[in-house]
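# Residue-level structure breakdown
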2 protein chains.
Amino acid sequence: MAELPGLSRRRLLGGGAVAAGAVGIGWGASGLVRREPHGDDGLDVVAFHGAHQAGIETTPPGHAAFVGFDLAPGVDRADIIGLLRIWTDDAARLTRGLPALADTEPELAARPARLTVTVGFGPDLFTVAGLPERRPPWLRPLPAFPIDRLDPAYTGADLLLQVCAEEATTVAHAVRVLSKHVRSLVTVRWVQRGFRDEPKGQTMRNLMGQVDGTVNIAARSVDFDRLVWDDGTAMPWLAGGTSLVLRRIAIDLDTWDELDTDGRELTVGRRVSTGAPLTGVDEFDEPDLTAVDRFGIPVIPPSSHVARARHTHDGERFLRRAYNYDDAPGPGQLSNSGLLFAAYQRDVDVQFLPVQQRLAEVDALNEWTTPIGSAVFAIPPGVAEPGGYLGQRLFES
Amino acid sequence: MAELPGLSRRRLLGGGAVAAGAVGIGWGASGLVRREPHGDDGLDVVAFHGAHQAGIETTPPGHAAFVGFDLAPGVDRADIIGLLRIWTDDAARLTRGLPALADTEPELAARPARLTVTVGFGPDLFTVAGLPERRPPWLRPLPAFPIDRLDPAYTGADLLLQVCAEEATTVAHAVRVLSKHVRSLVTVRWVQRGFRDEPKGQTMRNLMGQVDGTVNIAARSVDFDRLVWDDGTAMPWLAGGTSLVLRRIAIDLDTWDELDTDGRELTVGRRVSTGAPLTGVDEFDEPDLTAVDRFGIPVIPPSSHVARARHTHDGERFLRRAYNYDDAPGPGQLSNSGLLFAAYQRDVDVQFLPVQQRLAEVDALNEWTTPIGSAVFAIPPGVAEPGGYLGQRLFES
């Protein structure tokens, strides 16, 4: 610790050497890293405090971990509040590039790399907290769909941590810190890691090669406020929050790869090359589901993914913020790939479910995709000011 | 494919839309992507052809996958040559940002992101190829060390693919293409994915928070030629090649986190904050293993990692190019983290083994680290010109 007084600006900004040590010395709320100009993206900071939690309207960075926790037996409302206070404090520090209190690897906190930490509540948390009447009606497991092959290892959870950053080391450190600081109160049910890479301003591609997420809700738009952020009408505590449906969708790349480009485009209803609907030329052209060719056959097949997934009215829209996953294959397998499909909406039942039900009934893509995990969470609003904690209005209003 | 003639420069450089389609139309050897100026790192190219394989002297990018394959029963020398011709052709294209031949997701090839593909040969490949006399004497499993808890799921293999890039999607696509194109000849034994993040010019940190890889061999140095690249004296076919020892080292972060900073620094022999030896002030200062404090106690404990790992003479040095791993924890666990320790040297027995043996005997760090996977490969030289294939001199000289 002899080095602390000598902490140089170069070392702070270089991000390599933060000698806060095992006691987690706080540096106050000076936001040092944020104030200095720099050319190192690893030092970029996304604000933690605000009306909404970060990590939803935030432009998705390259890496994500979704962690589902179960509350330990005997945990009560006060424990949950304690846990949320710890997570709030840890997240506020880590997202600024500061070590968490008692951070045992403070050096790994020095590169926030646009870190966001987003917390969600599963259905049973409300029972444990003694607040069943405050559980939003849409907060329950999705109905069973015939296409599902759900693995309990990726399904349900009492609490969610969504950790996103541009650097995988930052994600690993934040997940570790946040998990271990509450280990007496929870067990880890699942950790699902993903990635996405996209040129600035373009839409990501999934591991099937498709442009993924074209129909979406623009950040900082009237639609975002209307369709994603809750206004508190039904549940006042949730104003400024939202919901997350997380579906782990396995892709059978072996059979997908047997399909030629025409087959893929008729399956999806879009060009593989550009993401444009088969009736258009640009990715963001509106699909014309009524268009037919000279034989009277629909240009976009009615069973295609685009035709089935398309919202039938404006109220069926939701925010998509998916990540690819590519885990180690099992014995005899070549790949273990898929999509962590993350959908955010004010009301799961009204916005997400009708679309999911249509896709479960008929979607040409279902031949190659299988939902193997599913979880639904209420995402409380953000912490507006230092001093508050995530979910405070649920417990105190 | 109607779009091919209209391929615009914007779309090529944007990387989002390469309409080569399922037939994998070749664009010749024009190296389009490389010639155009651009500001998108995702389009950066590392040359595939050269005296040495890329991915060793190359500055390590953020993501790596190491894939171990076993040759299928009945595979012979001609099959291996065929496989290496396929990998050579695929790698030459993918590393330039071009789809592989018959690439079913050509769009995912459009962002090479400094992709390198490095191929290695395990011990048994030489037997299968009918060339046992050409197997380097050091190419065999490492001796069993008492610290090892090797899992067959991460140990040994007949063939290695090391795939590195700045973007995880690029790694996923390249691994998929290279694996499936030879699937009739091999089975996947293991896939190990890792990441590293470091500010430009600084040394990476592992998930224990330590600076990792300080003692290393500089790229494009006389030492690199002398200590890493084989000169063909013992095995003429290997001139320009090297060896890889890949060790999967699990880290027990739960017990590591119980250790305070002083304890960590005495364990490793370096400052956590800067990576400087306990006898120095800068990361790259030479450790003084003879220095004692006023009580006569060594400043760097003789059992510390630095003291034990230090080369006793210049011929024990090797190149380190490690990646962190952070996989999903098993039931009841909080973390599943560690290091993919990758060491490259001309001679495993002379350079690597003495150091490993010292560490296996005594290393304070062993209390928290456990080797759970181990594999050794001969890395053939590079393909100097288009037309050749990886390992050609092994089979044809």
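Residues numbered from 1 in each chain as written. Chains lettered and ligands numbered in written order. Predicted model: local features only at pLDDT ≥ 70, side-chain atom pairs only at ≥ 80, totals over all residues. Heavy atoms only, no water.

### Remarks on the relation of the copies chain A and chain B
Heads up, the condition is: Least squares is the method used to superpose the copies, on C-alpha atoms of residues holding a pLDDT of at least 70 in both. Contacts: residue pairs with any heavy atoms within 4.5 Å of one another.
Expressed as a screw operation, the relation of chain A to chain B combines 0.0 Å of axial shift with a rotation of 180 degrees, fitting to an RMSD of 0.0 Å. Here the transformation between the copies is reduced to the relation of a two-fold axis. Of the C-alpha atoms belonging to chain A, the one lying closest to the rotation axis is found on Asp327 of chain A, 4.4 Å away. Residue by residue, 98% of the interface of chain A is reproduced at the interface of chain B, so both copies engage with the same surface.

### Quick look at the UniProt feature "domain: Dyp-type peroxidase C-terminal" (unreviewed entry) in chain A
This is how it is decided: UniProt positions are given in the numbering used here, feature names are shortened, and annotations may be inferred rather than shown by experiment. Strands are runs of DSSP state E lasting at least two residues, helices are runs of H or I lasting at least four, and both sets are numbered from the N terminus onward.
As annotated by UniProt and renumbered to match this structure, "domain: Dyp-type peroxidase C-terminal" (unreviewed entry) occupies residues 204-383 of chain A. The annotated region residues 204-383 of chain A carries 21% helix and 21% strand content, and the separation between its end C-alpha atoms amounts to 30 Å.

### Observations concerning the pairing of strand β2 (residues 116-121) of chain A
Residue and element names in this part refer to chain A. Condition: The buried label applies to any residue whose accessible area, calculated with a 1.4 Å probe on protein chains only, is under 20% of its type's maximum; exposed applies above 50%, and partly exposed to all values in between. Whether two strands pair depends on DSSP finding at least two bridges between them.
Here β2 lies mainly inside the structure; six of its six residues are buried. Side chains of β2 alternate between two faces, with Thr116, Thr118 and Gly120 and Val117, Val119 and Phe121 buried alike. Looking at chain direction, β2 and strand β3 (residues 159-165) are connected through six bridges and run antiparallel. Opposite Val117, over in β3, you have Val163 as the bridge partner.

### Considerations on the packing of aromatic side chains
All names here are of chain B. So the rule is basically this: Only centres within 6.5 Å qualify two rings of Phe, Tyr or Trp (six-membered ring in Trp) as a pair; their planes then separate them into stacked at under 30 degrees, edge-to-face at over 60, and tilted for everything else.
One pass over the structure, following the stated rule, counts 21 aromatic pairs over all chains. Ring centres of Phe66 and Tyr323 lie 6.4 Å apart, and the angle between their planes is 70 degrees; on these two criteria the pair is classed as edge-to-face. A residue pair is termed long-range when its members are at least 10 positions apart, and Phe66 in strand β1 (residues 63-71) and Tyr323 in strand β7 (residues 323-327) qualify at 257 residues. By relative accessible area, Phe66 is classed as buried at 0%. On the basis of relative accessibility, which here comes to 0%, the residue Tyr323 falls in the buried class.

### Points about helix α8 (residues 261-268) of chain A
Residues and elements named next belong to chain A. Test applied: The term polar contact refers here to a pair of N or O atoms within 3.5 Å; inside protein, the definition further demands a hydrogen-donor-capable atom paired with an acceptor-capable atom, and it admits residues adjacent in sequence only when both atoms are side-chain atoms.
Of all eight residues making up α8, six are buried, and the element is well covered by its neighbours. Looking only at α8, the buried set comprises Thr261, Gly263, Arg264, Glu265, Thr267 and Val268. Where α8 begins, the side chain of Asp260 points an oxygen toward the backbone nitrogen of Asp262, at a separation of 3.3 Å.

### Some thoughts on unusual backbone geometry
Residues and elements named next belong to chain B. Of note, the phi angle at Ala113 is positive, near 50 degrees, even though the residue is not glycine. The topology assignment puts Ala113 in the loop between α3 (77-94) and β2 (116-121). With phi around 65 degrees, Arg114 is a residue other than glycine that occupies positive phi space.

### Section: the interface of chain A and chain B
Put simply, the test is: Buried area: the accessible area, evaluated with a 1.4 Å probe, that two parts lose upon being put together, summed over both parts. What makes a salt bridge here is a side-chain nitrogen of Lys or Arg within 4 Å of a carboxyl oxygen of Asp or Glu, nothing more. Residue polarity follows a fixed list, in which Ala, Val, Leu, Ile, Met, Phe, Trp, Tyr, Cys and Pro are nonpolar, Asp, Glu, Lys and Arg are charged, and the others, Gly among them, are polar.
Counting residues at the interface gives 56 residues for chain A, matched by 55 residues for chain B. Contact between chain A and chain B buries roughly 4500 Å² in total, counting both sides, with carbon and sulfur atoms accounting for 52%. At the boundary of chain A and chain B, one finds twelve salt bridges. At the boundary of chain A and chain B, one finds 27 residue pairs in polar contact (both at pLDDT 80 or more). Looking at the side of chain A that touches chain B, the elements with two or more residues in it are α1 (9-14), α5 (168-180), β4 (186-195), α7 (253-256), α8 and β7 (323-327) of chain A. No other element matches the six residues that α5 of chain A contributes to the side of chain A that touches chain B. Split by residue class, the side of chain A that touches chain B holds 19 nonpolar, 16 polar and 21 charged.

### As for the pattern of salt bridges
Applying the stated criterion across every chain yields a total of 52 salt bridges over all chains. Note that Asp257 of chain B is salt-bridged to Lys180 of chain A, the shortest N-O span being 2.5 Å. Separated into two different chains, Asp257 of chain B in the loop between α7 (253-256) and α8 (261-268) and Lys180 of chain A in helix α5 make up a pair that spans both. Classification of Lys180 of chain A by relative accessible area gives buried; the value is 12%. Close ionic contact of Asp327 of chain B with Arg248 of chain B constitutes a salt bridge, the shortest N to O distance being 2.9 Å. On the criterion of sequence distance, the pair formed by Asp327 of chain B in strand β7 and Arg248 of chain B in strand β5 (residues 242-251) is long-range, its members being 79 residues apart. Of the residues examined, Asp327 of chain B reaches a relative accessible area of 29% and is grouped as partly exposed. Residue class for Arg248 of chain B comes out buried when judged on its relative accessible area of 2%. Salt bridges linked by common partners bring Glu105, Arg176, Lys180 and Arg183 of chain A together with Asp254, Asp257 and Arg264 of chain B together as one network.

### A word on the packing of α3 of chain B against helix α5 (residues 168-180) of chain B
Residues and elements named next belong to chain B. Note the threshold: A fitted line through C-alpha atoms represents every axis, and for helices the fit uses only the stretch in contact; the resulting angles, taken between N-to-C directions, go from 0 to 180 degrees. Orientation labels follow simple angle bins: below 35 degrees gives roughly parallel, above 145 gives roughly antiparallel, 65 to 115 gives roughly perpendicular, and whatever is left gives oblique. Each crossing gets its hand from how the near helix is turned against the far one by less than a right angle, where anticlockwise is left-handed and clockwise is right-handed.
Running from N to C, α3 and α5 cross one another at 155 degrees; their axes reach a closest spacing of 10 Å. Comparing the axis directions of α3 and α5 gives the class roughly antiparallel. Between α3 and α5 lies a crossing whose hand is right-handed. Contact residues: Trp87, Asp90, Ala91 and Leu94 in α3; His173, Ala174, Val177 and Leu178 in α5. In terms of residue class, the contact of α3 with α5 is built from six nonpolar, one polar and one charged.

### Topic: the side chain of Ser337 of chain B
All names here are of chain B. By the element assignment, Ser337 lies in strand β8 (residues 336-345). The exposure class assigned to Ser337 is buried, which follows from its relative accessible area of 4%. One polar contact links Ser337 to Asp326, side chain to side chain, over a distance of 2.8 Å.

### Thoughts on the environment of Asp223 of chain A
All names here are of chain A. Positionally, Asp223 belongs in helix α6 (residues 222-227). Residues Asp223 and Arg317, 94 residues apart in the sequence, show an inter-C-alpha distance of 9.3 Å. Excluding anything up to four places from it in sequence, Asp223 contacts Ile217, Val228 and Arg317. Within the structure, Asp223 has its side chain in polar contact with the side chain of Arg317 (distance 3.1 Å).

### Quick notes on the confidence of the model for chain A
If pLDDT is low for a region, its predicted coordinates should not be looked at in detail. All names here are of chain A. To be explicit about the condition: The predictor attaches a confidence to each residue, and that confidence, scored 0 to 100, is pLDDT.
This prediction gives chain A a mean pLDDT of 90; 90% of its residues lie at or above 70. With pLDDT under 50 throughout, residues 1-36 is counted as low confidence; its partners more than four residues away or in other chains account for 75 contacts. Both scores are given for the predicted complex: the pTM is 0.90, the ipTM 0.90.

### Structural notes on the pairing of β4 of chain A
Residues and elements named next belong to chain A. Burial within β4 is extensive, with seven of its ten residues counted as buried. Examined bridge by bridge, strand β1 (residues 63-71) and β4 share nine bridges and lie antiparallel to one another. Bridge assignment links His63 to a residue of β4, and that residue is Phe195.

### Points about the environment of Ser374 of chain A
All names here are of chain A. Its location among the elements puts Ser374 in strand β9 (residues 369-379). Put simply, Ser374 and Arg247 are 127 residues apart on the chain and 4.5 Å apart in space, counted from C-alpha to C-alpha. For Ser374, the contacting residues outside a window of four places in its chain are Leu142, Leu150, Tyr154, Thr155, Gly156, Leu246 and Arg247.

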